[in-house]
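Fold and contact review
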Amino acid sequence: MSKILYSALFIIVTVSSYAECLVNVPEEIADKIAHGHAWINHSSEFAEKKKIANIEMPDNQKIANPEEFQNHISTIMMTKTPKIIPGNRKVYWDDNTGTIVFYDPLSNDCGTAFRPNDGKEYYERVLMRKESDKDRSKMKTTSQVRKTSNFQCDGRKHCSQMKSCEEATFFLNNCPNTKMDGNNDGIPCEKQWCN
């Protein structure tokens, strides 16, 4: 009985988080991002005068708490034109602060925001991968289909359990509850396989 209740609670929480990320209000999306993974793992990148990829955080944009982080993210979402990437996600780039924002409606915290070490090059790589994914999907050969069908969801969730970037990408795109895309940019296992 408790297993059923736990499963039902998990489904309710998941659906609730999912519904919250489907709103089309930048301030609400930014609130979820700013109070989730992004703040926990990337807040130090937004310190006053912190220099990353030769871009210094402007004096007037010091971010000291999740509320200031939320304002920063929502400003980017409202003033920058997003690029759509696979999974109906949106990616935004801010030249002024070197900030990338990912909006992912399927993520529990609606996405992430951070300042990549290689700055705009990182953003451009994300967009290039999107283009190459489109090209690959148009040019699928029989051998590629056969190779993809060698992978199947089997409960593995972590990068340490993968054997290639292709396998990690298959698991991220097709299997539930994977833990291979910590920054929610759609690229799994960037340190181990997909770099």
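Here, the structure is the one placed above.
Summarised in this report is the structure supplied together with it. Keep in mind it's a predicted model, so treat the numbers as computed, not measured.

Re the overall build of the protein
The helix and strand inventory of the protein stands at seven helices and six strands. Along the protein, helices and strands appear, N-terminal first, in the series α-α-α-β-β-α-β-β-β-β-α-α-α. Every one of the 195 residues in the protein was classed for burial, and the buried ones make up 38%. Partitioning the intrachain contacts of the protein with sequence separation of at least 6 by distance along the chain shows that 53% fall at a separation of at least 24. Just so you have it, the protein exposes about 11600 Å², and 52% of that area is on carbon and sulfur atoms.

Here we look at the sheet that holds strand 6 (residues 111-114)
The four strands lie next to each other as 3-4-5-6, forming an open sheet whose pairing is antiparallel. Whereas interior strands pair on both sides, the edge strands pair on one side only; in this sheet they are strand 3 (83-85) and strand 6. With direction set aside, neighbouring strand axes in the sheet form an average angle of 20°. Helix 4 (residues 66-79) rests against strand 4 (89-94), strand 5 (99-103) and strand 6 of the sheet, and its axis sits at about 80° to strand 5.

Thoughts on the packing of aromatic side chains
Working definition: an aromatic ring pair is given by the centre-to-centre distance plus the angle between the planes. Counting across every chain of the model gives seven aromatic pairs. Ring centres of tryptophan 39 and phenylalanine 69 lie 5.5 Å apart, and the angle between their planes is 50°; on these two criteria the pair is classed as tilted. In this pair, tryptophan 39 sits in helix 3 (residues 37-42) while phenylalanine 69 sits in helix 4, placing the two residues 30 residues apart along the sequence. An identical accessibility class is assigned to tryptophan 39 and phenylalanine 69; each is buried. Residues phenylalanine 46 and phenylalanine 69 carry aromatic rings whose centres are separated by 4.9 Å and whose planes lie at 55° to one another, so their mutual orientation is tilted. Highlighted residues: phenylalanine 46 in the loop between helix 3 and strand 1 (51-52) and phenylalanine 69 in helix 4, separated in sequence by 23 residues. For the pair phenylalanine 46 and phenylalanine 69, one class covers both residues: buried. What links up through ring pairs into an aromatic cluster is the set Trp39, Phe46 and Phe69.

What to know about the pairing of strand 4
Within a regular strand, the side chains alternate between the two sheet faces. Counting buried residues along strand 4, five of its six residues qualify, which places the element largely inside the surrounding structure. Here strand 3 folds back onto strand 4 in antiparallel fashion, the turn holding three residues, of which glycine 87 has a positive phi close to 85°. When strand 4 meets strand 5, the two strands line up antiparallel, connected through five bridges. Along strand 5, the bridge assignment pairs tyrosine 92 with valine 101. The antiparallel hairpin formed by strand 4 and strand 5 contains four residues in its connecting segment, where glycine 98 sits at a positive phi of about 70°.

Observations regarding the nonpolar core
Ranked by internal contacts, the top residues of the largest apolar core, which has 19 residues, are Ile33, Phe69, Ile73, Met77 and Val101. Among the secondary structure elements, those contributing two or more residues to this core are helix 2 (26-34), helix 3, helix 4 and strand 5. If near-sequence neighbours (up to four positions away) are discounted, isoleucine 73 is found in contact with Ala30, Ile33, Ala34, Val101 and Ala113. Counting 12 residues, the second largest nonpolar core, distinct from the first, contains Phe102, Leu127, Ile187 and Cys194.

Overview of the layout of surface pockets
One number sums up the size of the second largest pocket: a volume of about 630 Å³. Listing elements by their share of the lining of the second largest pocket, those giving two or more residues are helix 3 and helix 5 (120-138). If one sorts the elements of the lining of the second largest pocket by residue count, helix 5 sits on top with three residues. When its residues are assigned to classes, the lining of the second largest pocket shows nine nonpolar, seven polar and nine charged.

Topic: the side chain of threonine 112
Secondary-structure assignment places threonine 112 in strand 6. Judged by relative accessible area, which is 0%, threonine 112 ranks as buried. In this structure threonine 112 touches Ile33, His37, Ala38, His42, Ile100, Val101, Phe102, Asn183 and Asn184, once residues within four positions along its chain are discounted.

Cut-offs used in this document
Residues numbered from 1 in each chain as written. Predicted model: local features only at pLDDT ≥ 70, side-chain atom pairs only at ≥ 80, totals over all residues. Heavy atoms only, no water. Helix = DSSP H or I, 4+ residues; strand = E, 2+ residues; numbered from the N terminus. Buried < 20%, exposed > 50% of the residue type's maximum accessible area, 1.4 Å probe, protein only. Contact = heavy atoms within 4.5 Å. Areas by Shrake-Rupley, 256 points an atom, 1.4 Å probe, with all protein chains shown as cover. Pairing = 2+ DSSP bridges. Axes fitted to C-alpha atoms, helices over the stretch in contact; angles between N-to-C directions. Phe/Tyr/Trp six-rings, centres within 6.5 Å; stacked < 30°, edge-to-face > 60°. Core = buried A, V, L, I, M, F, W, Y, C linked by side-chain atoms within 4.5 Å. 1 Å grid on protein atoms, 1.4 Å probe; cavity = no way out; pocket = protein on both sides within 12 Å on 5 of 7 lines; lining within 4 Å. Points joined across faces, edges and corners; volume = space filled by probe spheres on them. Nonpolar A, V, L, I, M, F, W, Y, C, P; charged D, E, K, R; others polar.

All quantities given are derived from atomic positions and should not be read as evidence of function.
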